[in-house]
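Inside the fold
Residues per chain, in single letters:
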Amino acid sequence: MESPDSMESPDSMDSLDSDGIDRAAGIGRLDGVGDARRALGGFLRARRGRVAPEHVGLAGGGRRRVRGLRREELAQLAGISVDYYVRLEQGRATQPSPEVLDALAKALGLDAAERNHLTTLVGTRGGPPPEARVSPLLRQILDAMAPVPAFVTNHRLDVLAWNDLGGELIGGLADPGRRDHNQARYFFLDPTSRTVFPEWEDRAAESVGQLRVSAGRYPDDAELAALITDLSTHSADFRRVWATGEVVMCGAGRKRLRHPVAGLLTLDYETLHVPAAPGETGLMMHVFGAEEGSREAAALAGLATAVGREVPVTA
(Lines give C-alpha, C1' and ligand atoms only; values in the text may rest on other atoms or scores of the structure.)
Protein backbone atom coordinates (compact mmCIF):
# COMPACT_ATOMS: atom_id res chain seq x y z
CA MET A 1 0.00 0.00 0.00
CA GLU A 2 1.23 3.47 -0.86
CA SER A 3 2.10 5.85 1.92
CA PRO A 4 -0.08 8.97 2.36
CA ASP A 5 2.77 11.19 1.19
CA SER A 6 3.40 9.22 -1.98
CA MET A 7 -0.28 9.08 -2.78
CA GLU A 8 -0.72 12.83 -2.42
CA SER A 9 2.49 13.94 -4.10
CA PRO A 10 2.26 15.77 -7.44
CA ASP A 11 0.42 13.34 -9.65
CA SER A 12 2.95 11.70 -11.95
CA MET A 13 0.25 9.35 -13.18
CA ASP A 14 -2.04 12.10 -14.43
CA SER A 15 0.03 15.24 -15.21
CA LEU A 16 -3.06 17.32 -14.49
CA ASP A 17 -3.08 20.97 -13.47
CA SER A 18 -5.58 22.38 -10.98
CA ASP A 19 -7.85 23.44 -13.83
CA GLY A 20 -8.20 19.81 -14.97
CA ILE A 21 -6.18 20.11 -18.18
CA ASP A 22 -3.96 17.26 -19.27
CA ARG A 23 -0.83 19.27 -20.17
CA ALA A 24 0.95 16.17 -21.43
CA ALA A 25 -1.76 15.80 -24.07
CA GLY A 26 -1.64 19.47 -24.96
CA ILE A 27 -3.47 22.62 -23.90
CA GLY A 28 -7.21 22.38 -24.26
CA ARG A 29 -7.73 18.68 -23.54
CA LEU A 30 -9.70 18.33 -20.34
CA ASP A 31 -9.35 15.30 -18.14
CA GLY A 32 -11.78 12.58 -19.17
CA VAL A 33 -13.20 14.09 -22.36
CA GLY A 34 -13.51 11.29 -24.89
CA ASP A 35 -12.31 8.65 -22.41
CA ALA A 36 -14.81 7.20 -19.94
CA ARG A 37 -12.07 5.74 -17.72
CA ARG A 38 -10.32 9.07 -17.30
CA ALA A 39 -13.70 10.75 -16.88
CA LEU A 40 -14.45 8.54 -13.88
CA GLY A 41 -11.11 9.33 -12.25
CA GLY A 42 -11.41 13.04 -13.02
CA PHE A 43 -14.89 13.22 -11.53
CA LEU A 44 -13.83 11.43 -8.35
CA ARG A 45 -10.81 13.72 -7.95
CA ALA A 46 -12.90 16.84 -8.44
CA ARG A 47 -15.58 15.76 -5.99
CA ARG A 48 -13.23 14.69 -3.20
CA GLY A 49 -11.50 18.05 -3.62
CA ARG A 50 -14.76 19.73 -2.61
CA VAL A 51 -15.33 17.79 0.62
CA ALA A 52 -13.98 19.50 3.74
CA PRO A 53 -12.50 16.86 6.09
CA GLU A 54 -14.15 18.42 9.14
CA HIS A 55 -17.57 18.06 7.49
CA VAL A 56 -17.23 14.27 7.45
CA GLY A 57 -15.80 13.86 10.95
CA LEU A 58 -12.12 13.99 10.03
CA ALA A 59 -9.48 16.32 11.41
CA GLY A 60 -8.90 19.32 9.14
CA GLY A 61 -6.52 22.22 9.32
CA GLY A 62 -2.74 22.07 9.43
CA ARG A 63 -0.65 21.63 6.31
CA ARG A 64 -2.58 19.60 3.76
CA ARG A 65 -1.03 19.06 0.35
CA VAL A 66 -4.41 18.60 -1.34
CA ARG A 67 -7.75 20.33 -1.23
CA GLY A 68 -10.56 18.37 0.33
CA LEU A 69 -10.13 14.70 1.15
CA ARG A 70 -6.99 12.66 0.66
CA ARG A 71 -7.36 9.43 -1.25
CA GLU A 72 -6.88 7.29 1.83
CA GLU A 73 -9.48 9.34 3.71
CA LEU A 74 -12.11 8.82 1.03
CA ALA A 75 -11.26 5.13 0.81
CA GLN A 76 -11.68 4.84 4.58
CA LEU A 77 -15.05 6.63 4.52
CA ALA A 78 -16.26 4.40 1.67
CA GLY A 79 -14.96 1.20 3.29
CA ILE A 80 -12.74 0.18 0.38
CA SER A 81 -8.99 -0.35 0.13
CA VAL A 82 -6.76 2.57 -0.74
CA ASP A 83 -5.15 0.55 -3.52
CA TYR A 84 -8.53 -0.14 -5.14
CA TYR A 85 -9.57 3.50 -4.89
CA VAL A 86 -6.28 4.65 -6.46
CA ARG A 87 -6.89 2.24 -9.34
CA LEU A 88 -10.36 3.78 -9.81
CA GLU A 89 -8.85 7.25 -10.11
CA GLN A 90 -6.20 5.95 -12.50
CA GLY A 91 -8.81 4.31 -14.71
CA ARG A 92 -7.40 0.83 -14.05
CA ALA A 93 -10.51 -0.42 -12.23
CA THR A 94 -13.46 0.23 -14.50
CA GLN A 95 -16.27 -1.95 -13.18
CA PRO A 96 -16.92 -1.08 -9.52
CA SER A 97 -19.92 -2.81 -8.00
CA PRO A 98 -23.16 -0.93 -7.21
CA GLU A 99 -22.24 -1.27 -3.52
CA VAL A 100 -18.90 0.48 -4.08
CA LEU A 101 -20.60 3.25 -6.06
CA ASP A 102 -23.18 3.71 -3.31
CA ALA A 103 -20.44 3.93 -0.69
CA LEU A 104 -18.45 6.47 -2.72
CA ALA A 105 -21.57 8.54 -3.43
CA LYS A 106 -22.42 8.63 0.27
CA ALA A 107 -18.87 9.48 1.32
CA LEU A 108 -18.70 12.30 -1.23
CA GLY A 109 -22.17 13.61 -0.43
CA LEU A 110 -23.33 13.33 -4.04
CA ASP A 111 -26.79 14.52 -4.95
CA ALA A 112 -29.11 12.55 -7.25
CA ALA A 113 -27.75 14.10 -10.48
CA GLU A 114 -24.15 13.47 -9.43
CA ARG A 115 -24.95 9.90 -8.38
CA ASN A 116 -26.57 9.24 -11.76
CA HIS A 117 -23.52 10.68 -13.49
CA LEU A 118 -21.22 8.41 -11.51
CA THR A 119 -23.27 5.40 -12.61
CA THR A 120 -23.24 6.60 -16.21
CA LEU A 121 -19.44 6.87 -16.24
CA VAL A 122 -19.12 3.27 -15.12
CA GLY A 123 -21.67 1.92 -17.58
CA THR A 124 -20.85 4.10 -20.61
CA ARG A 125 -20.75 2.28 -23.92
CA GLY A 126 -19.11 3.61 -27.05
CA GLY A 127 -20.79 4.79 -30.18
CA PRO A 128 -22.20 8.05 -31.53
CA PRO A 129 -25.12 9.78 -29.82
CA PRO A 130 -28.58 9.25 -31.33
CA GLU A 131 -29.57 11.85 -33.87
CA ALA A 132 -32.10 14.25 -32.36
CA ARG A 133 -33.97 16.47 -34.81
CA VAL A 134 -36.62 19.10 -34.31
CA SER A 135 -39.68 17.54 -35.88
CA PRO A 136 -42.37 19.57 -37.69
CA LEU A 137 -44.71 18.80 -34.80
CA LEU A 138 -42.24 20.16 -32.26
CA ARG A 139 -41.88 23.35 -34.28
CA GLN A 140 -45.67 23.61 -34.43
CA ILE A 141 -45.82 23.25 -30.65
CA LEU A 142 -43.23 26.02 -30.22
CA ASP A 143 -45.24 28.38 -32.41
CA ALA A 144 -48.46 27.50 -30.59
CA MET A 145 -46.75 28.51 -27.33
CA ALA A 146 -46.38 32.09 -28.60
CA PRO A 147 -47.58 33.68 -25.31
CA VAL A 148 -44.61 32.18 -23.46
CA PRO A 149 -40.88 32.18 -24.36
CA ALA A 150 -39.54 28.76 -25.37
CA PHE A 151 -36.50 27.31 -27.12
CA VAL A 152 -35.03 23.86 -27.78
CA THR A 153 -31.47 22.63 -27.21
CA ASN A 154 -29.64 19.36 -27.79
CA HIS A 155 -27.10 17.60 -25.54
CA ARG A 156 -24.32 19.87 -26.86
CA LEU A 157 -26.37 22.95 -25.86
CA ASP A 158 -26.91 24.00 -29.47
CA VAL A 159 -30.12 26.04 -29.71
CA LEU A 160 -31.94 24.33 -32.56
CA ALA A 161 -35.36 26.00 -32.53
CA TRP A 162 -37.29 28.71 -30.72
CA ASN A 163 -40.46 30.75 -30.88
CA ASP A 164 -40.30 34.50 -31.45
CA LEU A 165 -40.54 35.44 -27.78
CA GLY A 166 -38.00 32.81 -26.70
CA GLY A 167 -35.51 33.89 -29.34
CA GLU A 168 -35.76 37.53 -28.31
CA LEU A 169 -35.69 36.94 -24.57
CA ILE A 170 -32.33 35.15 -24.35
CA GLY A 171 -30.24 37.45 -26.45
CA GLY A 172 -31.72 37.72 -29.93
CA LEU A 173 -31.47 34.28 -31.54
CA ALA A 174 -33.32 35.40 -34.65
CA ASP A 175 -30.46 37.72 -35.62
CA PRO A 176 -27.66 35.47 -37.00
CA GLY A 177 -24.96 38.01 -36.21
CA ARG A 178 -26.12 38.87 -32.72
CA ARG A 179 -25.05 35.83 -30.73
CA ASP A 180 -23.69 32.29 -30.96
CA HIS A 181 -26.39 29.63 -31.06
CA ASN A 182 -24.47 27.35 -28.73
CA GLN A 183 -25.32 28.25 -25.14
CA ALA A 184 -21.91 27.29 -23.72
CA ARG A 185 -19.95 29.30 -26.30
CA TYR A 186 -22.33 32.20 -25.71
CA PHE A 187 -21.77 32.14 -21.95
CA PHE A 188 -18.00 31.81 -22.01
CA LEU A 189 -16.94 33.60 -25.18
CA ASP A 190 -19.52 36.41 -25.53
CA PRO A 191 -19.26 39.21 -22.93
CA THR A 192 -22.87 40.29 -23.57
CA SER A 193 -24.07 37.11 -21.84
CA ARG A 194 -23.05 38.66 -18.52
CA THR A 195 -25.47 41.51 -19.16
CA VAL A 196 -28.36 39.29 -20.24
CA PHE A 197 -27.88 36.92 -17.28
CA PRO A 198 -27.17 38.83 -14.02
CA GLU A 199 -26.43 35.55 -12.21
CA TRP A 200 -23.89 34.72 -14.90
CA GLU A 201 -21.74 32.50 -12.69
CA ASP A 202 -24.70 30.22 -11.89
CA ARG A 203 -25.88 30.03 -15.50
CA ALA A 204 -22.36 29.38 -16.79
CA ALA A 205 -21.84 26.63 -14.21
CA GLU A 206 -25.12 25.03 -15.28
CA SER A 207 -23.94 24.90 -18.88
CA VAL A 208 -20.66 23.26 -17.85
CA GLY A 209 -22.52 20.76 -15.67
CA GLN A 210 -24.76 19.80 -18.57
CA LEU A 211 -21.80 19.38 -20.93
CA ARG A 212 -20.09 17.15 -18.36
CA VAL A 213 -23.17 14.91 -18.21
CA SER A 214 -23.25 14.71 -22.01
CA ALA A 215 -19.51 14.01 -22.25
CA GLY A 216 -19.88 11.15 -19.78
CA ARG A 217 -22.82 9.69 -21.65
CA TYR A 218 -21.39 10.12 -25.15
CA PRO A 219 -17.58 9.83 -24.96
CA ASP A 220 -17.34 9.17 -28.70
CA ASP A 221 -19.14 12.36 -29.73
CA ALA A 222 -16.40 14.16 -31.70
CA GLU A 223 -18.41 17.38 -32.04
CA LEU A 224 -18.97 17.56 -28.30
CA ALA A 225 -15.31 16.88 -27.58
CA ALA A 226 -14.30 19.60 -30.05
CA LEU A 227 -16.65 22.08 -28.36
CA ILE A 228 -15.27 21.35 -24.90
CA THR A 229 -11.69 21.52 -26.20
CA ASP A 230 -12.35 24.88 -27.84
CA LEU A 231 -13.91 26.31 -24.69
CA SER A 232 -11.08 25.03 -22.50
CA THR A 233 -8.53 26.57 -24.85
CA HIS A 234 -10.12 30.01 -24.99
CA SER A 235 -11.77 30.46 -21.59
CA ALA A 236 -10.04 30.34 -18.21
CA ASP A 237 -13.50 30.61 -16.62
CA PHE A 238 -14.58 27.42 -18.39
CA ARG A 239 -11.49 25.55 -17.21
CA ARG A 240 -12.05 26.79 -13.67
CA VAL A 241 -15.68 25.64 -13.56
CA TRP A 242 -14.94 22.32 -15.29
CA ALA A 243 -12.33 21.52 -12.65
CA THR A 244 -15.01 21.61 -9.92
CA GLY A 245 -16.70 18.50 -11.35
CA GLU A 246 -20.01 20.34 -11.69
CA VAL A 247 -22.92 18.09 -12.76
CA VAL A 248 -26.32 19.52 -13.68
CA MET A 249 -29.50 17.97 -15.02
CA CYS A 250 -32.02 20.43 -16.45
CA GLY A 251 -35.15 20.74 -14.36
CA ALA A 252 -37.23 23.63 -13.09
CA GLY A 253 -36.68 26.76 -11.07
CA ARG A 254 -36.35 30.51 -11.40
CA LYS A 255 -33.94 32.65 -13.40
CA ARG A 256 -33.29 36.34 -13.86
CA LEU A 257 -32.75 37.78 -17.33
CA ARG A 258 -32.19 41.33 -18.52
CA HIS A 259 -33.67 42.57 -21.80
CA PRO A 260 -32.92 46.02 -23.27
CA VAL A 261 -36.65 46.75 -23.65
CA ALA A 262 -38.40 44.65 -21.00
CA GLY A 263 -35.75 45.28 -18.35
CA LEU A 264 -34.79 42.90 -15.56
CA LEU A 265 -37.16 39.92 -15.36
CA THR A 266 -37.46 37.16 -12.75
CA LEU A 267 -39.08 34.22 -14.52
CA ASP A 268 -40.04 30.67 -13.67
CA TYR A 269 -38.85 27.97 -16.05
CA GLU A 270 -39.51 24.30 -16.81
CA THR A 271 -37.42 21.91 -18.89
CA LEU A 272 -39.37 19.40 -20.97
CA HIS A 273 -37.42 16.41 -22.28
CA VAL A 274 -37.99 15.01 -25.77
CA PRO A 275 -35.99 11.74 -25.91
CA ALA A 276 -34.35 10.78 -29.19
CA ALA A 277 -34.52 7.16 -28.06
CA PRO A 278 -35.46 5.42 -24.80
CA GLY A 279 -32.93 6.35 -22.13
CA GLU A 280 -31.18 8.94 -24.28
CA THR A 281 -30.90 12.68 -23.68
CA GLY A 282 -32.46 13.80 -26.93
CA LEU A 283 -33.79 17.36 -26.97
CA MET A 284 -34.75 19.73 -24.18
CA MET A 285 -37.46 22.36 -24.47
CA HIS A 286 -36.94 25.28 -22.09
CA VAL A 287 -40.13 27.19 -21.28
CA PHE A 288 -40.31 30.45 -19.30
CA GLY A 289 -43.30 32.10 -17.66
CA ALA A 290 -44.42 34.63 -15.10
CA GLU A 291 -47.10 34.76 -12.45
CA GLU A 292 -50.39 36.18 -13.68
CA GLY A 293 -50.79 39.84 -12.84
CA SER A 294 -47.09 40.34 -12.14
CA ARG A 295 -44.87 43.04 -13.59
CA GLU A 296 -42.98 40.27 -15.42
CA ALA A 297 -46.18 39.05 -17.09
CA ALA A 298 -46.93 42.54 -18.35
CA ALA A 299 -43.34 42.99 -19.51
CA LEU A 300 -43.43 39.70 -21.44
CA ALA A 301 -46.70 40.76 -23.08
CA GLY A 302 -45.16 44.04 -24.13
CA LEU A 303 -42.07 42.28 -25.46
CA ALA A 304 -44.22 39.82 -27.38
CA THR A 305 -46.01 42.71 -29.07
CA ALA A 306 -42.66 44.29 -29.94
CA VAL A 307 -41.49 41.14 -31.72
CA GLY A 308 -44.75 40.77 -33.65
CA ARG A 309 -46.79 38.55 -31.35
CA GLU A 310 -49.72 40.22 -29.68
CA VAL A 311 -50.36 38.68 -26.28
CA PRO A 312 -53.10 39.90 -23.93
CA VAL A 313 -51.78 41.53 -20.80
CA THR A 314 -53.07 39.78 -17.68
CA ALA A 315 -54.79 42.17 -15.31
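Residues numbered from 1 in each chain as written. Predicted model: local features only at pLDDT ≥ 70, side-chain atom pairs only at ≥ 80, totals over all residues. Heavy atoms only, no water.

1. Quick look at the overall build of the chain
From N to C terminus, the chain includes 14 helices and five strands. In the chain, which comprises 315 residues, the proportion classed as buried is 50%. Considering only intrachain contacts with a sequence separation of at least 6, the fraction spanning at least 24 residues in the chain is 56%. (Helix = DSSP H or I, 4+ residues; strand = E, 2+ residues; numbered from the N terminus. Buried < 20%, exposed > 50% of the residue type's maximum accessible area, 1.4 Å probe, protein only. Contact = heavy atoms within 4.5 Å.)

2. Notes on the pattern of salt bridges
Counted under the stated rule, the structure contains 21 salt bridges. For arginine 71, the salt bridge goes to glutamate 89, with nearest N and O atoms at 3.0 Å. One end of the pair, arginine 71, is in helix H3 (residues 71-78); the other, glutamate 89, is in helix H4 (residues 82-90), and 18 residues separate them in sequence. Taking the relative accessible area as the measure of exposure, arginine 71 reaches 3% and is therefore buried. Within the structure, one salt-bridge network assembled from shared partners comprises Arg45, Arg48, Arg71 and Glu89. (Salt bridge = Lys/Arg side-chain N within 4 Å of Asp/Glu carboxyl O.)

3. Let's talk about the environment of glutamine 183
Among the secondary structure elements, glutamine 183 is positioned in helix H9 (residues 183-189). Using a relative accessible area of 9% as the deciding quantity, one classes glutamine 183 as buried. Separated by 24 residues in sequence, glutamine 183 and serine 207 have C-alpha atoms that sit 7.2 Å apart. Excluding residues within four positions of it along the chain, glutamine 183 makes contact with Phe151, Thr153, Leu157, Val159 and Ile170. Looking at glutamine 183, its side chain comes within polar contact range of the side chain of arginine 179, at 2.3 Å. (Polar contact = N/O pair within 3.5 Å; in protein donor to acceptor, adjacent residues only side chain to side chain.)

4. Some points on the nonpolar core
Among the nonpolar cores identified, the biggest contains 37 residues, and Leu169, Phe188, Leu211, Ile228, Phe238 and Trp242 are the most heavily contacted of them. Contributions of two or more residues to this core are made by helix H8 (164-169), H9, helix H11 (200-217), helix H12 (222-234), helix H13 (236-242), strand S4 (263-274) and helix H14 (295-306). When residues in this core are grouped by element, the largest group, six residues, is from H11. Beyond its immediate chain neighbours, meaning those up to four positions away, leucine 211 contacts His155, Arg156, Leu157, Ala184, Leu224, Leu227, Ile228, Leu231, Phe238 and Trp242. (Core = buried A, V, L, I, M, F, W, Y, C linked by side-chain atoms within 4.5 Å.)

5. Points about the packing of aromatic side chains
Going through the model one piece at a time under the given rule, you end up with seven aromatic pairs. A centroid spacing of 5.6 Å and a plane angle of 75 degrees characterise the contact between phenylalanine 188 and tryptophan 200, whose relative ring orientation is edge-to-face. Linking phenylalanine 188 in helix H9 with tryptophan 200 in helix H11, this pair joins segments that are 12 residues apart in sequence. Tryptophan 200 shares its class with phenylalanine 188; the two are buried. Ring-pair connections join several aromatic residues into one group, and the members of that group are Phe188, Trp200, Phe238 and Trp242. (Phe/Tyr/Trp six-rings, centres within 6.5 Å; stacked < 30°, edge-to-face > 60°.)

6. Here's the deal with unusual backbone geometry
Trans peptide bonds make up the majority, and among non-glycine residues the majority have a negative phi. Despite not being glycine, leucine 157 has its phi angle at roughly 70 degrees, a positive value. Position of leucine 157 among the secondary structure elements: in the loop between strand S1 (150-153) and strand S2 (159-162). Classification of leucine 157 as buried rests on a relative accessible area of 4%.

7. Observations concerning the sheet that holds S2
Ordered in space as S2-S1-S5-S4-S3, the five strands form an open sheet in which the pairing is antiparallel. What marks the edges here is a single partner per strand, and that holds for S2 and strand S3 (252-259). Averaged over all pairs of adjacent strands, the angle between strand axes in this sheet comes to 30 degrees, irrespective of strand direction. Of the strands in this sheet, S3 and S4 touch H14, which is tilted by about 80 degrees from S4. (Pairing = 2+ DSSP bridges. Axes fitted to C-alpha atoms, helices over the stretch in contact; angles between N-to-C directions.)

8. Side note on H4
Taken together, the buried positions of H4 are occupied by Val82, Tyr84, Tyr85, Val86, Leu88 and Glu89. Immediately downstream of H4, the backbone of glycine 91 shows phi near 80 degrees, a positive value.

9. Focus on helix H2 (residues 36-48)
Relative to the 18 Å expected for 13 residues at 1.5 Å per residue, H2 spans 18 Å between its end C-alpha atoms, a close match to the ideal helical length. Here H2 lies mainly inside the structure; 10 of its 13 residues are buried. Buried within H2 are the following residues: Ala39, Leu40, Gly41, Gly42, Phe43, Leu44, Arg45, Ala46, Arg47 and Arg48. Looking at the buried side of H2, the elements it contacts are H3, H4, helix H5 (98-108), helix H6 (112-123) and H11. (Expected span 1.5 Å × (residues − 1).)

10. Quick notes on the pairing of S1
Both faces of S1 are covered, namely the face carrying Ala150 and Val152 and the face carrying Phe151 and Thr153. As paired elements, S1 and strand S5 (residues 283-289) share four bridges and run antiparallel to each other. Considered in S5, the bridge of alanine 150 is made with valine 287. Judged from the three bridges that link them, S1 and S2 form a sheet pairing that is antiparallel. Among the inter-strand pairings, phenylalanine 151 is bridged to a residue of S2, identified as tryptophan 162. Linking S1 to S2, which pair antiparallel, is a turn of five residues; within it leucine 157 sits at a positive phi near 70 degrees.

Any link to function would need more than the numbers given here.
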